[in-house]
Amino acid sequence: MSIRVVVADDQELVRSGFAMILDAQPGIEVVAEAGDGAEAIAAVRRLTPDVLLLDVRMPGVDGIEAARVVCAESGCRVVMLTTFDIDEYVYDALYAGASGFLLKDVRRDDLVHAVRVVAAGDSLLAPSVTRRLVADFVRRGRPGEAAAPSPSSAAGPSHHLGVLTAREEETLRLLARGLSNAEIAAEFVVSEHTVKTHVSNVLSKLALRDRVQAVICAYEHGLVVPGDQGP
């Protein structure tokens, strides 16, 4: 079955460009384009796509609110599109349930890869900028500032990290430092399949939606600290 995608951006050239690139790929079908958040929500409700590429800043219903509605109402995976590598609105997008974000100058191959990765249930956490976004967000919740909301607020009840085994806790720590499954497997000297099992257990035990929320959870619990770049 093809991966069904909706592309939402108020800039027609950007929107149509992304749609043309994706529609030309085997196994990917762009089922609709939307010019604002309201149109994106309507398209997802009507067409039940697998992935929604959603611009952060749009007139009317913006990308954050659209992401919040789509993630609450459906299993559609949301990837935010932004012009800037540090965009304050992306913080809110992560908590709204988005599975990651892409810069609008993303390379063709990376765009296609991102859609396939997200459709498969993974998240876009490899780029160091994503790690920095999460770290900066959590830093804003230090004493004297507004506390960052719990990542489990949209994913069910939260749990203390004590429910994890030592290996699962270490897996969470490495996830938060931006390591891929392959890199974690090399660190542990195990197969990627074993790492996938550890990641799945972490998400299940902590009632988290995906790797994005796992990273936020690790920062909030002090498992890693802002600025920790890992190996």
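Residues numbered from 1 in each chain as written. Predicted model: local features only at pLDDT ≥ 70, side-chain atom pairs only at ≥ 80, totals over all residues. Heavy atoms only, no water.

S.K.: Tell me what's going on with the environment of Gly-100, and back it up with residues and numbers.
M.R.: Along the polypeptide, Gly-100 turns up in the loop between α4 (88-96) and β5 (101-103). Here the alpha-carbon distance between Gly-100 and Leu-81, two residues 19 residues apart in the chain, equals 9.0 Å. (Helix = DSSP H or I, 4+ residues; strand = E, 2+ residues; numbered from the N terminus.)

S.K.: Give a description of the nonpolar core that names residues and reports values.
M.R.: Counting residues in each nonpolar core, the largest one holds 25 residues, and the members touching the most others are Leu-52, Leu-54, Val-70, Val-78 and Met-80. Broken down by secondary-structure element, the contributors of at least two residues to this core are β1 (3-8), β2 (28-34), α2 (37-47), β3 (51-55), α3 (63-73), β4 (77-82) and α4. A per-element tally of this core places α3 first, with six residues. Each residue touching Val-78, except ones within four places of it in the same chain, is listed here: Leu-52, Leu-54, Ala-67, Val-70, Cys-71, Ala-98, Ser-99 and Gly-100. Counting residues in hydrophobic clusters, the runner-up holds 23 residues, among them Ala-185, Val-202, Leu-208 and Tyr-219. (Core = buried A, V, L, I, M, F, W, Y, C linked by side-chain atoms within 4.5 Å. Buried < 20%, exposed > 50% of the residue type's maximum accessible area, 1.4 Å probe, protein only. Contact = heavy atoms within 4.5 Å.)

S.K.: Can you lay out the packing of helix α7 (residues 166-176) against helix α10 (residues 211-220) for me, pointing to particular residues and giving the numbers?
M.R.: One way to put it is that α7 packs onto α10 with a least axis distance of 8 Å and a crossing angle of 100 degrees. Taken together, the axis directions place α7 and α10 in an arrangement best described as roughly perpendicular. Between α7 and α10, the contacting residues are Leu-172, Leu-175 and Ala-176 on the first element and Arg-211, Ala-214, Val-215, Ala-218 and Tyr-219 on the second. Of the residues assigned to the contact of α7 with α10, the class counts are seven nonpolar, no polar and one charged. (Axes fitted to C-alpha atoms, helices over the stretch in contact; angles between N-to-C directions. Parallel < 35°, antiparallel > 145°, perpendicular 65-115°, else oblique. Nonpolar A, V, L, I, M, F, W, Y, C, P; charged D, E, K, R; others polar.)

S.K.: Give a detailed account of helix α1 (residues 12-23), specifying residues and quantitative values.
M.R.: Along its 12 residues, α1 runs 16 Å from first to last C-alpha, staying within 8% of the 16 Å computed at 1.5 Å per residue. In the core, the buried residues of α1 are packed alongside β1, β2, β3, β4 and α5 (108-119). (Expected span 1.5 Å × (residues − 1).)

S.K.: Can you break down the environment of Gly-121 residue by residue, with the values?
M.R.: Inspection of the secondary structure puts Gly-121 in the loop between α5 and α6 (128-139). Spatially, the C-alpha atoms of Gly-121 and Arg-211 are 9.4 Å apart, while their sequence positions differ by 90 residues.

S.K.: Any details on the pairing of β4? Residues and values, ideally.
M.R.: β4 sits mainly inside the fold: six of its six residues count as buried. Side chains Arg-77, Val-79 and Leu-81 project from β4 onto one buried face, and the interleaved Val-78, Met-80 and Thr-82 project onto a second face that is buried too. Two strands pair when backbone bridges link them, and β3 and β4 are joined in this way by five bridges, in the parallel orientation. Bridge pairing in β4 links Val-51 to Arg-77. In the classification by handedness, the crossover that spans β3, the intervening α3 and the parallel β4 is right-handed. With three bridges joining them, β4 and β5 adopt parallel strand pairing. (Pairing = 2+ DSSP bridges. Right-handed = clockwise from strand over helix to strand, strands pointing away.)

S.K.: Can you lay out the pattern of salt bridges for me, pointing to particular residues and giving the numbers?
M.R.: Throughout the structure, instances matching the rule amount to eight salt bridges. Members of the salt-bridge network, linked through shared partners, are Asp-9, Asp-55 and Lys-104. (Salt bridge = Lys/Arg side-chain N within 4 Å of Asp/Glu carboxyl O.)

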